[in-house]
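Tertiary structure, described
Take a look at the letters that make up each chain.
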Amino acid sequence: MRFAVLTLLLLLAPQVYAHKPSDSYLQLTPTDEGFTGEWRIALRDLGPAIGLDRDGDRKITWGEVRTRHSEIANYALGRLAIAAGGSPCHIRAGAQLVDELSDGAYTVLPLAVTCERNVAPWSLDYSLFFDMDATHRGLISFRGSDTPQTFALSPDNNRAVLSAGAASPVQQFVTMAREGVWHIWIGFDHILFLLALLLPAGLRLTRAPDEKTGWTPLLKDVLTLVTAFTVAHSITLSLAALKLVSLPPRLIETTIALSIVVAGLRMRYAVSRPAAWIAFSFGLIHGFGFANVLADLQLPTGSLALSLFAFNIGVELGQCAIVLLALPLIRYAQRHTFYQRTFMPVAAVLIATIGVAWSIERGAGLYFAL
Amino acid sequence: MTCFNNSTVSPGRHLLPAALAFVCIALLPRHAQAAPYRPASDAVVLATVPAGTRTATAGPRDLQSVVARASEDIESARASGDPRYLGYAQSALAPWWNLKDAPLPVILLRAQIHQHNHSFEAALADLDHAVVLDPRNPQARLTRAAIHQVQGNYAAAIADCRSLALLVEPLITADCMSRVSSHRGVARDAYRKLLAMRDRSDGMEPRQHREVELTLADISTRLGEIDTARRHYDQALAATDVDAYTLLTFADFLLEQREYRQVVELFERHPDYADLLLRAALASRATDAGNAGQLSQRLREQYAAHQRRGDFVASRDYARFLLDIEGKASAALDAALANWKSQREPADALIVVRAAIAARQPAAAAPVAAFVRGRGLEDVRLTPLLKQIPSERRT
């Protein structure tokens, strides 16, 4: 008899199951007293669990389900607990219907959940079918006013906690905006590019700085410059974050370094030319650079647009802060001949050199990579 | 995408929007419309379930009865293709499931559950442990040989097959040896040896007979001997009651021979075998059948539902779904390559190569081509396609 047992094991290859393992689907929508919900439970699972197939023909009819609705409800509700603010809520089941999902028929159990104190945190403990089938999962979705939260509950992780502040859109917004500010402040290449354009702002090739010139030319230059840069990088940041356009990161980083060289050379040789076109065209590339950081942050897909917007706002705020810090200093320094005669050429050479060094460093990586 | 817009419609022009709305509703996938309903009568059959009741408290909990129950569940999983049975088996073994030093029978069953779930590393760890505990355990050797073979470690698989020689009846050893060596450039020889052994054996246990016929069918298919393969499939199907694995390999064989009507018939006869859904969807697409869209949609929803569980693993079937039904070649290539990391059967190689060619990234299949050439794998389905794959550059 030993051989007969062994033949069980002689499979040709482990099978690839297209068949989905067992799941139940519980949707909860908040109300004033607690939740309303629908719980879909597969008849294929209920069958063996409570012996739905009374006549033993291995077929479950609507009659077999209908006559045992209260038993089904008791069985299921005995394996689900919902609590609000630490105290248990009361769950009532309504009249059951049937739904055909892609893998078979499910009973649909309407739920009304009432909580005495309907306050955060809400918790849900789930244990349906876990004693019978270790691979069963309870797929829970809370459908609040904002993006739905989902949980896949398993025997090892059978509790879902929904706390009000867990991922509120406001908090998410603040987090992303902070990331944006942080990125422009630690991104020396962006700051250097911006400074190289800002330093000569308001200067015309007048031999001597005019004491009487007011803030007007300076502010006008800065405003067009910052606007051009902002519009440009917002465009490409959005395009890249929404995965509509993508460029190799090395190409982006090298071009950003080259933009610093160009900005530096302009300080030295073409101060009189308006900087807006440089700010705009290279701003496009800087936008791709921001998008790379955004990609590393692993955005929640549900709120991509919001996160993108928040990150961009953060970048603008960070940029404004830099401009506001730099402006009075520039304005003050421009009164002295030293600024235009000595400081500017030195700064120009310095910035361009740094740009060249970065270009080589980043570009070299590009060539090795190829 | 929206079907309806809010623009105001002048009185004489309401026919067009109405027609558009009608088309929109008609085009909605069947399941998107589905909503909870009340069946028309008590006699409506809603589901098919296994016989009997199972609850955690049902049945004795001693090692012997638990092992018997879990083995039965694993056999049911294999026959039906329903992974719920693996969950049942795992639950039955719960008291020992996380114990590294579980009793030997538990370790062997746990390894098989891991194997079915494609957790090959965990399965091999258990089997290595089992072989240490009992070097002459044929079950441990057989399961390990099957895993090594699926992973393309043919030398290790052959070693395990060889060690069976004195432990089990000769036909089992021959099946194991031929199955593995047919992947190493001696397919014809392997076929001949197994066929001779089969003809000499009488009174074969039916499931054993089925396995041997499937091995012979598989080797013949790879050698391009279609009529011979067909004969072996017929014998495999006749040997026992239907089982999921035989049905799905046979359906794949029929698809490759463009016998689409037979694939659809197979699915209609056995609608409960979920693995046939993909094959039926492919066949109905190939013949432009009216239900092609509906079958594809059901498949799409099943994969989407599976992905929501959080434990979805890209399989070669999923890669085929992406490539041949969704037309997403580069996503299919990603899935096929992910699957290739753990599974290296000829069918796994085939889907990588097909997806790489379709995605116009033939170089992505270079490691697969190197594997096929290096092992001397013979397969008439692969050989012509491999000409389009550049050889791997040394790095």
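This section reports on the structure supplied with the text.

1. Considering helix α19 (residues 329-342) of chain B
Residues and elements named next belong to chain B. Taking 1.5 Å per residue, 14 residues should reach 20 Å; α19 reaches 21 Å between its end C-alpha atoms and fits that length. Every buried residue belonging to α19 is among A329, A332, L333, A335, A336, N339 and W340, and all of these are buried. Viewed end-on, α19 has its buried residues packed into an arc of 165 degrees, placing them on one side of the element. Exposed residues pointing more than 90 degrees away from the buried face of α19 are listed as D334 and K341. Elements in contact with the buried residues of α19: α18 (316-325), α20 (346-358) and α21 (366-375).

2. Observations regarding the interface of chain A and chain B
Facing 61 residues of chain A, the contacting portion of chain B comprises 75 residues. Taking both sides of the interface into account, the surface hidden between chain A and chain B amounts to around 6,700 Å²; carbon and sulfur atoms contribute 59%. Across the chain A-chain B interface, the total number found is four salt bridges. Notably, a salt bridge pairs R44(A) with D82(B), separated by 3.1 Å at the nearest N-O pair. A total of seven residues in the side of chain A that touches chain B trace back to one element, the largest contributor, which is helix α2 (residues 43-50) of chain A.

3. Considering the pairing of strand β10 (residues 137-142) of chain A
Residue and element names in this part refer to chain A. Of all six residues in β10, six are buried, a share of seventy percent or more. Judged by which residues are buried, β10 turns out to be covered on both faces: R137, L139 and S141 on one side and G138, I140 and F142 on the other are all buried. Here strand β1 (residues 23-30) runs beside β10; their pairing, made up of six bridges, is parallel. By the bridge assignment, Q27 is partnered in β10 with S141. With five bridges joining them, β10 and strand β11 (residues 149-153) adopt antiparallel strand pairing.

4. Brief notes about the state of the cysteines
The bond known as a disulfide is covalent and runs between the sulfur atoms of two cysteines. Here the structure, examined in full by the defined rule, presents two disulfides over all chains. One disulfide bridge connects C89(A) with C115(A), the sulfur atoms lying 2.1 Å from each other. Where C89(A) bonds to C115(A) through sulfur, the torsion about that S-S bond is close to 105 degrees, and the disulfide is right-handed. In this pair, C89(A) is assigned in the loop between β5 (87-88) and β6 (90-93) and C115(A) in the loop between β8 (104-114) and β9 (122-126), connecting sequence segments 26 residues apart. Considered together, C89(A) and C115(A) belong to a single accessibility category, that of buried residues. Here C161(B) engages in a disulfide with C176(B); their sulfurs sit 2.0 Å apart. Between C161(B) and C176(B), the S-S torsion sits near -70 degrees, and that sign places the bridge as left-handed.

What counts and what doesn't
Residues numbered from 1 in each chain as written. Chains lettered and ligands numbered in written order. Predicted model: local features only at pLDDT ≥ 70, side-chain atom pairs only at ≥ 80, totals over all residues. Heavy atoms only, no water. Helix = DSSP H or I, 4+ residues; strand = E, 2+ residues; numbered from the N terminus. Expected span 1.5 Å × (residues − 1). Buried < 20%, exposed > 50% of the residue type's maximum accessible area, 1.4 Å probe, protein only. Arc of directions from axis to C-beta. Contact = heavy atoms within 4.5 Å. Buried area = accessible area lost by both parts, 1.4 Å probe. Salt bridge = Lys/Arg side-chain N within 4 Å of Asp/Glu carboxyl O. Pairing = 2+ DSSP bridges. Disulfide = S-S within 2.5 Å.

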